[in-house]
Amino acid sequence: MNINEAIDGTIKLLREKGWTKHESAVDAEGNRVDFKSSAACAFCIYGAFGRVTGEWELDQPLTREFTNLLFAVLPRRDAEDGPDRILDFNDKEAESVDEIVAALEKAKVPNV
C-alpha cells in the first residue's frame, strides 16, 4: 500500500463509518474502543489511518510519512511537533469530517 492509497482508505473510512474527537475510536454509544475493534464506528484521524494500514506507531514507515505530510499542510502554530499538531487539529480545531478530509486530500503526494 502506498501513502495515497492509505490516505484514500482513511478518507473512505471516515466518510463511511464516522469521525470522532479525543479518542482513536468509539463505539455506537460513544465509548472508547480500540481502533481495531469490530465495535468501532467512528475514528479520529490517526485511528482511521491505523485501521486502514494496520500501523499505529509513529516510527512505522507509512505512519511517519502520513504524519510528515499532514504536518506540512496544516497551519503552523508555535513550536508544536507533527503528531501533537495533528491531534490538536483533529480534537480542537476541526469542526467536521469535511475539514479532516480536506486536509487529507491536500496531504496526498502528486503522481503516486
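Below: a short report on this structure. Nothing here was measured: the structure is a model prediction, and the numbers come from that model.

Observations concerning the pattern of salt bridges
Then, number 1: Summed over the entire model, instances satisfying the criterion amount to six salt bridges.
Then, number 2: Measuring nitrogen to oxygen at the nearest pair gives 3.7 Å for the salt bridge that ties arginine 32 to glutamate 23.
Then, number 3: Residue class for arginine 32 comes out exposed when judged on its relative accessible area of 65%.
Then, number 4: Of the residues examined, glutamate 23 reaches a relative accessible area of 28% and is grouped as partly exposed.
Then, number 5: Across the pair aspartate 88 and lysine 92 runs a salt bridge whose closest N-O atoms are separated by 3.3 Å.

Quick word on the packing of helix H2 (residues 45-53) against helix H3 (residues 61-73)
Then, number 1: Between H2 and H3, whose axes approach to 11 Å, the crossing angle comes to 145°. Handedness of the crossing formed by H2 with H3: right-handed. Contacts between H2 and H3 involve Ile45, Tyr46, Phe49 and Thr53 on the former and, on the latter, Leu62, Thr63, Phe66, Thr67 and Leu70.
Then, number 2: Class assignment of the residues belonging to the contact of H2 with H3 gives a composition of six nonpolar, three polar and no charged.

Brief notes about helix H1 (residues 3-17)
Then, number 1: For H1, spanning 15 residues, the distance from its first C-alpha to its last is 21 Å, which sits close to the expected 21 Å at 1.5 Å a residue.
Then, number 2: Buried residues of H1: Ile3, Asn4, Ala6, Ile7, Gly9, Thr10, Ile11, Leu13 and Leu14, and no others.
Then, number 3: After H1 finishes, the residue glycine 18 shows a positive phi value of roughly 130°.

Some thoughts on the environment of leucine 58
Then, number 1: Secondary-structure assignment places leucine 58 in the loop between H2 and H3.
Then, number 2: Taking relative accessible area as the criterion, leucine 58 reaches 43% and is therefore assigned partly exposed.
Then, number 3: On a C-alpha basis, the gap between leucine 58 and leucine 70 in space is 13 Å, while along the polypeptide they are 12 residues apart.

Procedures and definitions
Residues numbered from 1 in each chain as written. Predicted model: local features only at pLDDT ≥ 70, side-chain atom pairs only at ≥ 80, totals over all residues. Heavy atoms only, no water. Salt bridge = Lys/Arg side-chain N within 4 Å of Asp/Glu carboxyl O. Buried < 20%, exposed > 50% of the residue type's maximum accessible area, 1.4 Å probe, protein only. Axes fitted to C-alpha atoms, helices over the stretch in contact; angles between N-to-C directions. Helix = DSSP H or I, 4+ residues; strand = E, 2+ residues; numbered from the N terminus. Left-handed = near helix turned anticlockwise from the far one by under 90°. Contact = heavy atoms within 4.5 Å. Nonpolar A, V, L, I, M, F, W, Y, C, P; charged D, E, K, R; others polar. Expected span 1.5 Å × (residues − 1).

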